[in-house]
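Observations on the model geometry
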Amino acid sequence: MAAPEERDLTQEQTEKLLQFQDLTGIESMDQCRHTLEQHNWNIEAAVQDRLNEQEGVPSVFNPPPSRPLQVNTADHRIYSYVVSRPQPRGLLGWGYYLIMLPFRFTYYTILDIFRFALRFIRPDPRSRVTDPVGDIVSFMHSFEEKYGRAHPVFYQGTYSQALNDAKRELRFLLVYLHGDDHQDSDEFCRNTLCAPEVISLINSRMLFWACSTNKPEGYRVSQALRENTYPFLAMIMLKDRRMTVVGRLEGLIQPDDLINQLTFIMDANQTYLVSERLEREERNQTQVLRQQQDEAYLASLRADQEKERKKREERERKRRKEEEVQQQKLAEERRRRVKSLSLLLNLQEEKERKLECLPPEPSPDDPESVKIIFKLPNDSRVERRFHFSQSLTVIHDFLFSLKESPEKFQIEANFPRRVLPCIPSEEWPNPPTLQEAGLSHTEVLFVQDLTDE
């Protein structure tokens, strides 16, 4: 149950109250609420003011110090830390300031007028980026020549490449824009940026990209980040899946202040990187799982395709074999038909030849003639006369020449039943005559088909 003094708080204010207590370690809830109310419930400004108090820096609600530390909270999404130049002290300081003021005003006015007029004569050469990597390397060399080699590790690539690497590696990217003409740039580089503790922090926890705004690549980045003064630092990170500026540090800041501000920005936004790492790991696991599923599917698909290929090959082999068998059958059938046709032609020629060689039929008045009635296998009858002296071969040739007669046949007599030896054989090398065969003047002979035997 909430304490009585918390009952009139909204849920958002209660969450900020608990978060502020966790960040600062203040046990008194009343003190936490009082501090947040002083800062209009801006938790970033309240935490920063609390850190300043712990470091011995007066609160923003006390009289302003010689170097006031200001927190810009106009945009609650971007942490902004601006360091103003110290005001002159004493009579001597104010006198020097008033003496130099006209000269500084005249110098910067003339310089601005000259730059403004120069833009009409020729475009700003910095607006054309032709060698961004060369700009980075050139600035790095000039920086080392002037301030030495003890400095944070410069990212030797373009601003876009640095953003991509920071996004891919889920790291903070610290961008430094160097104003060559600004009076605080030299002191910042020499005393703050090259401080050992600053170098250690930057090298261990973030990528560091730097360039001069006099270089085209630096000028292009300057147009994107819109700095107000120099030295200028911007902290960029992947937030809500976009590279976002989460902190801006402007002005001459001391090493301890820089470390505190960078640490505070990183701590305040570390949860976004942790969340992004978890999401990325989950996406990677999902991608790996999907890839494994895809590989398993492809393996199964390849196995199915291999089975289907083997089935197709088997079907094709069977089809070719069936076609070969069919072709062989067709070829055999063609050969058989050709052979049959050839035999038929030969048989027809043989029939015609036998018919031509038959002796003339005797007249009915010839006493030596024999009238023979042939009963064919198709039940038809054929009648013809022969001479007693003629060989039985003549009877066979006559029957062979008939279209109705079968290709192979034998001639049988009934009384007595016997087969007439019409064709030469071992027993009858020379077939007998009709008279020798015992035929009478009128005979009925039967033709038996022997083609299928």
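Residues numbered from 1 in each chain as written. Predicted model: local features only at pLDDT ≥ 70, side-chain atom pairs only at ≥ 80, totals over all residues. Heavy atoms only, no water.

On to the overall build of the chain, then. Secondary structure assignment for the chain yields 11 helices and 11 strands. Counting over 453 residues, the chain shows a buried share of 36%. For the chain, the accessible surface area stands at approximately 28,500 Å², while carbon and sulfur atoms represent 52% of it. (Helix = DSSP H or I, 4+ residues; strand = E, 2+ residues; numbered from the N terminus. Buried < 20%, exposed > 50% of the residue type's maximum accessible area, 1.4 Å probe, protein only. Areas by Shrake-Rupley, 256 points an atom, 1.4 Å probe, with all protein chains shown as cover.)

Turning our eyes to something else, we now look at the packing of helix α8 (residues 196-205) against helix α10 (residues 255-357). In contact at an axis separation of 9 Å, α8 and α10 are set at 20° when each is read in the N-to-C sense. With respect to each other, α8 and α10 are oriented roughly parallel. α8 and α10 meet at a crossing whose hand is left-handed. Along the contact surface, α8 presents E197, V198, L201, I202 and R205, while α10 presents P255, D256, L258, I259, L262, T263, M266, D267 and Q270. Taken together, the residues that form the contact of α8 with α10 break down as eight nonpolar, two polar and four charged. (Axes fitted to C-alpha atoms, helices over the stretch in contact; angles between N-to-C directions. Parallel < 35°, antiparallel > 145°, perpendicular 65-115°, else oblique. Left-handed = near helix turned anticlockwise from the far one by under 90°. Contact = heavy atoms within 4.5 Å. Nonpolar A, V, L, I, M, F, W, Y, C, P; charged D, E, K, R; others polar.)

Now for helix α9 (residues 216-225). Most of α9 is tucked away: seven of the 10 residues are buried. Here α9 has its buried residues at P216, E217, G218, Y219, V221, S222 and L225. Buried residues in α9 make contact with α5 (132-147), α6 (159-169), β3 (172-178), β4 (206-212), β5 (232-239) and β6 (242-250). After α9 finishes, the residue R226 shows a positive phi value of roughly 55°.

Okay, the pattern of salt bridges next. Using the criterion set out here, one finds 23 salt bridges in the structure. Across the pair D165 and R168 runs a salt bridge, and its minimum N-O distance is 2.8 Å. With D165 and R168 both in helix α6, this residue pair falls three residues apart, about one helical turn. One salt bridge in this structure joins E332 and R335, with 2.5 Å as the shortest N-O distance. Taken together, the residues E332 and R335, both in helix α10 and three residues apart, mark about one turn of the helix. Its relative accessible area of 44% is what places E332 among the partly exposed residues. (Salt bridge = Lys/Arg side-chain N within 4 Å of Asp/Glu carboxyl O.)

Sheet architecture is open: five strands sit in the order β8-β7-β11-β9-β10, paired in mixed fashion. The outermost strands of the open sheet, each flanked by one partner alone, are β8 (381-387) and β10 (417-419). Direction aside, the axes of adjacent strands within the sheet are offset by 30° on average. On top of the sheet, helix α11 (residues 392-401) reaches β7 (369-375), β8, β9 (409-414) and β11 (442-449); it is set at about 120° to β9, its chief contact. (Pairing = 2+ DSSP bridges.)

This part takes up a nonpolar patch on the surface. Judged by side-chain polarity, L341, L344 and L345 come together as a nonpolar surface patch covering roughly 290 Å² of accessible area. With respect to the helices and strands, the residue L344 is situated in helix α10. (Patch = residues over 30% accessible without salt bridge, like charges linked within 9 Å, V, L, I, M, F, W, Y side chains within 5 Å.)

Let us now look at unusual backbone geometry. Here the residue pair Y230 and P231 is connected by a cis peptide bond, since its omega of -5° sits within 30 degrees of zero. Despite not being glycine, L170 shows a phi value in the positive range, around 55°. As for its position among the elements, L170 is in the loop between α6 and β3. With relative accessibility at 4%, the residue L170 sits in the buried group. One non-glycine residue with positive phi stands out, namely D240, at about 55°. You can see D240 is positioned in the loop between β5 and β6.

Okay, the environment of G438 next. The topology assignment puts G438 in the loop between β10 and β11. In sequence terms G438 and P416 are 22 residues apart; their C-alpha atoms lie 9.8 Å from each other. Sequence-distant contacts of G438, that is, excluding residues within four places in its chain, are made with R418 and E443.

Along the polypeptide, T14 turns up in helix α1 (residues 11-24). Relative accessible area serves as the criterion here: at 21%, T14 is assigned to the partly exposed category. The spacing of T14 and R33 is 19 residues in sequence and 9.2 Å in space, taken between C-alpha atoms.

Core analysis: the largest hydrophobic core is formed by 36 residues, its most contacted members being Y176, M206, M235 and L262. If you tally residues by element for this core, the top one is α10, at seven residues. Here M206 is in contact with R171, F172, L174, L201, M235, L262 and M266, once residues within four sequence places are set aside. Counting residues in each nonpolar core, the second largest holds 26 residues, with V382, L420, C422 and V447 among its members. (Core = buried A, V, L, I, M, F, W, Y, C linked by side-chain atoms within 4.5 Å.)

In this section: the packing of α5 against helix α7 (residues 185-193). For the pair α5 and α7, the least separation of the axes is 11 Å and the interaxial angle reads 75°. As the angle between them shows, α5 and α7 are arranged roughly perpendicular. Across the interface between the two elements, F143, K146 and Y147 from α5 touch S185, D186, C189, R190 and L193 from α7. Residues of the contact of α5 with α7, tallied by class, amount to four nonpolar, one polar and three charged.

The next point concerns helix α2 (residues 29-38). Looking at α2, one finds that the buried residues are M29, C32, R33, T35 and L36. Buried residues of α2 fall within an arc of 165° about the axis and therefore sit on the same side. Once α2 ends, the next one or two residues include N40, with phi positive near 60°. (Arc of directions from axis to C-beta.)

Now for the confidence of the model for the chain. Per-residue confidence for the chain gives a mean pLDDT of 81; residues scoring 70 or more make up 81%. Taken together, the stretch residues 1-7 has pLDDT below 50 and engages in eight contacts with residues farther than four places along the chain or on a different chain. In the model, residues 55-76 has pLDDT below 50 throughout and makes 38 contacts with residues more than four positions away in sequence or in other chains. (pLDDT = per-residue confidence, 0-100.)

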